[in-house]
Amino acid sequence: MRHKSEKYFKYQYLSIIACILLAVLAIWQQIQILYLLSFYALTLSFIFDGLGHYIRNEQADFYQQLIRALLIFLLTTLFYF
């Protein structure tokens, strides 16, 4: 039987793959918006990881990932705009 949090960890892996693909495409094509989307996919990956920890009642890891996601989101948005 699978734990409820496994779907969030699966989404995390998909977000990381999207981040890598967007980053490679951004470097290859030199399209600035793809850099931003790549960092947003990384942020989404941290959020899904945090939600997986939240379901498992690992509050410290949840807050740590949430803070990382917030910092990456804010800094990326601030530097882009």
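A quick note: this is a predicted structure, and the numbers were derived from the prediction, not measured.

The rules we used
- Residues numbered from 1 in each chain as written.
- Predicted model: local features only at pLDDT ≥ 70, side-chain atom pairs only at ≥ 80, totals over all residues.
- Heavy atoms only, no water.
- Helix = DSSP H or I, 4+ residues; strand = E, 2+ residues; numbered from the N terminus.
- Buried < 20%, exposed > 50% of the residue type's maximum accessible area, 1.4 Å probe, protein only.
- Contact = heavy atoms within 4.5 Å.
- Areas by Shrake-Rupley, 256 points an atom, 1.4 Å probe, with all protein chains shown as cover.
- Lys, Arg positive; Asp, Glu negative; His and termini not counted.
- Charge placed at Lys NZ, Arg CZ, Asp CG, Glu CD.
- Expected span 1.5 Å × (residues − 1).
- Phe/Tyr/Trp six-rings, centres within 6.5 Å; stacked < 30°, edge-to-face > 60°.
- Polar contact = N/O pair within 3.5 Å; in protein donor to acceptor, adjacent residues only side chain to side chain.

1. A look at the overall build of the protein chain
Phase 1 of the analysis: When helices and strands are counted, the protein chain shows 3 helices and 0 strands.
Phase 2 of the analysis: Along its sequence from the N terminus, the protein chain presents helices and strands in the succession α-α-α.
Phase 3 of the analysis: Taking the principal axes of its C-alpha atoms as reference, the protein chain extends roughly 45 × 25 × 10 Å.
Phase 4 of the analysis: Sorting the 81 residues of the protein chain into buried and exposed places 28% on the buried side.
Phase 5 of the analysis: A separation of at least 24 residues holds for 60% of the contacts in the protein chain among residues at least 6 apart in sequence.
Phase 6 of the analysis: Put simply, the protein chain shows about 5,900 Å² of open surface, and 71% of that area lies on carbon and sulfur atoms.
Phase 7 of the analysis: One finds the centroid of the 6 positive side-chain charges in the protein chain at a distance of 8 Å from the centroid of its 4 negative side-chain charges.

2. A closer look at helix H1 (residues 6-29)
Phase 1 of the analysis: With 24 residues, H1 should cover 34 Å at 1.5 Å per step; its first-to-last C-alpha distance of 34 Å lies within 8% of that length.
Phase 2 of the analysis: Those residues of H1 that are buried are in contact with helix H2 (32-55).
Phase 3 of the analysis: Just downstream of H1 lies Gln-30, where phi reads positive at about 60°.

3. Observations concerning H2
Phase 1 of the analysis: Between its first and last C-alpha, H2 extends 36 Å over 24 residues, near the 34 Å set by a 1.5 Å rise per residue.
Phase 2 of the analysis: Listed in full, the buried residues belonging to H2 are Leu-34, Leu-36, Ser-38, Ala-41, Thr-43, Ser-45, Phe-46, Phe-48, Asp-49, Gly-50, Gly-52 and His-53.
Phase 3 of the analysis: Taken together, the buried residues of H2 touch H1 and helix H3 (59-80).

4. With respect to the packing of aromatic side chains
Each aromatic ring pair is described using two quantities: the centre-to-centre distance and the angle formed by the ring planes.
Phase 1 of the analysis: A complete count under the given rule lists 5 aromatic pairs for this structure.
Phase 2 of the analysis: Centroid distance Tyr-11 to Phe-48: 5.4 Å. Interplanar angle 50°. Geometry classified as tilted. You can see Tyr-11 sitting in helix H1 and its partner Phe-48 sitting in helix H2, a full 37 residues away along the chain.
Phase 3 of the analysis: Their ring planes at 50° and their centres at 4.9 Å tell us that Tyr-54 and Phe-62 sit as a pair that is tilted.

5. Regarding the side chain of Ser-5
Phase 1 of the analysis: With respect to the helices and strands, Ser-5 occurs in the segment before H1.
Phase 2 of the analysis: In terms of polar contacts, Ser-5 uses its side chain to reach the side chain of His-3, at 3.1 Å.

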